[in-house]
Amino acid sequence: MKNLVLLDLFSGIGGFPKGLKEAGFIFKEHYFSEIDKYAIANYSYNFKNAIYAGPIENIRKGQLQRPDIITFGSPCQDLSIAGKQRGIKGSKSRLFFEAIRILDAYRPRLFIFENVKGLFSSNQGKDFEIVLKSFANLGIYDVQWQLLNTAWFLPQNRERIYLVGSFRGKSRPQIFPVGESCQAIKDCSRERLSKTNTSPTIVTKVGDASVMTNPFIFSLRGGRKVKGGTKVEFRKDGSTNCITRVDQDNLVLGNWQPLRVERTEKAKEIRRESQKKGKDYAPFREKQFVPRHDGIIGTITAHSQNENLLTHLNCVRKLTPLECERLQGFPDNWTKHGIINGEKVELSDYRRYHMLGNAVSVPVVKAVGERIINKELLKEISKAAILLKSKALQLQFALLK
């Protein structure tokens, strides 16, 4: 689908446009709305031609070229089971109604809405009813939705509602269900163990993307206490828990790692000095333990307590920002840089975790986008076939005359 105008509300780091572009959408105009300074900086860095439309409350009818597609995943803090569950009218989630106002003002051909699974159950289901009524009250859209899980594409358990609205009265593209065969993609893609990381990791291949996750994740009865006394339950299905905006939540459980012993530069200097004196001495305390990159334990020596090391890292560690990017389907280092005051800057890990936790998963958006394109193409082919048939009949009629 070409020459489209996109308005990306609550845009974050651009998971919607990234996924839609991968699905084959081409945008001639691209607007985005966000209030987080660092997300705006990162978005501007990765989408050089995107136009900042300002905070959502400030967007007015006629301010922008009419969008063909509006995408939005309004703040979910008041809906998530991890939050205080104040509901759709909470101080954060009420911004959903600003998106409704903009839909009413611009009336795009299509919109895509994403939110947490908790929207289904918030206020005993009344909040989801409010959402559906809000779309229905616009009077021009048919809507369809499905609960999708990033784990169908990548090893992260992230369940989110995706809702697509399209003009009523026309042949409605049947977008859902998505994922009839996606689970098989995940199961068949766990190809090999990587031996180039600080702990054994599975490299998952989806297209050209590699995603690294720890294969030794499992569920601990009652949870494992980590810093601050928090209990964390690790999954046993090979997926990480849902990545959040809080970096302390993005955890995996480590396992064994073979090490080798190397002399530090100081140890080498001491050894050289001792060799000049006819000795060969390097203090053990000046040695360092370095992870092996070949996955093989070092040579067994007589120093059984010192050098025959196979560490047992059965401990909790944080996912790195790079791993979080891969688990969300973004290219490596997507969140590393931003543009602030016209200058390229490097963003902190804290900011990267925050932005990635708020993001939509690129391959999920891509899958939805592909379904939209396929259905739209079928409609265009059908229209073209009807037109050709009509012209053929006209030609036959002319020949008969």
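Predicted, not measured: the structure shown is a model, and the values here were computed from it.

## Examining the side chain of Glu 323
Okay, so step 1: Assignment of secondary structure puts Glu 323 in helix 7 (residues 321-327).
Okay, so step 2: A polar contact is formed between the side chain of Glu 323 and the backbone nitrogen of Thr 320, at a distance of 2.9 Å.

## Remarks on the confidence of the model for the chain
Okay, so step 1: Of the residues in the chain, 63% have a pLDDT of 70 or more, and the chain-wide mean is 76.
Okay, so step 2: Taken as a whole, residues 297-310 scores under 50 in pLDDT and shows 24 contacts with residues more than four places along the chain or in a different chain.

## A short note on the pattern of salt bridges
Okay, so step 1: Taken as a whole and judged by the stated rule, the model has 11 salt bridges.
Okay, so step 2: One salt bridge in this structure joins Glu 98 and Arg 101, with 2.9 Å as the shortest N-O distance. In this pair, Glu 98 and Arg 101 both sit in helix 3 (residues 96-106), three residues apart, roughly one turn of the helix.
Okay, so step 3: Looking at Arg 101, the relative accessible area reads 28%, which means it is partly exposed.
Okay, so step 4: Arg 107 is paired through a salt bridge with Asp 104; the nearest N and O atoms lie 3.0 Å apart.

## Thoughts on the sheet that holds strand 1 (residues 4-9)
What holds strands together in a sheet is hydrogen bonding between their backbones, with the strands either parallel or antiparallel.
Okay, so step 1: Spatially, seven strands are ordered 3-2-1-4-5-7-6 in an open sheet, and the strand pairing comes out mixed. The open sheet is flanked by strand 3 (51-52) and strand 6 (141-149), the only strands paired with a single partner.
Okay, so step 2: Pairing of strand 4 (residues 69-72) with strand 5 (residues 110-116), which is carried by four bridges, proceeds in the parallel orientation. By the bridge assignment, Phe 72 is partnered in strand 5 with Phe 113.
Okay, so step 3: Contacts between helix 1 (residues 15-23) and the sheet are confined to strand 1, strand 2 (27-32), strand 4, strand 5 and strand 7 (159-167), with strand 2 contributing the most and set at about 165° to the helix.
Okay, so step 4: With respect to the sheet, helix 4 (residues 126-136) is in contact with strand 4, strand 5, strand 6 and strand 7, its orientation differing from that of strand 6 by roughly 145°.

## With respect to the pairing of strand 5
Okay, so step 1: The buried fraction of strand 5 is high, at seven of seven residues.
Okay, so step 2: Relative to strand 7, strand 5 runs antiparallel, the two being bridged by seven bridges. Residue pairing for strand 7: Glu 114 is matched across the bridge by Tyr 162.

Rules of the game
Residues numbered from 1 in each chain as written. Predicted model: local features only at pLDDT ≥ 70, side-chain atom pairs only at ≥ 80, totals over all residues. Heavy atoms only, no water. Helix = DSSP H or I, 4+ residues; strand = E, 2+ residues; numbered from the N terminus. Polar contact = N/O pair within 3.5 Å; in protein donor to acceptor, adjacent residues only side chain to side chain. pLDDT = per-residue confidence, 0-100. Contact = heavy atoms within 4.5 Å. Salt bridge = Lys/Arg side-chain N within 4 Å of Asp/Glu carboxyl O. Buried < 20%, exposed > 50% of the residue type's maximum accessible area, 1.4 Å probe, protein only. Pairing = 2+ DSSP bridges. Axes fitted to C-alpha atoms, helices over the stretch in contact; angles between N-to-C directions.

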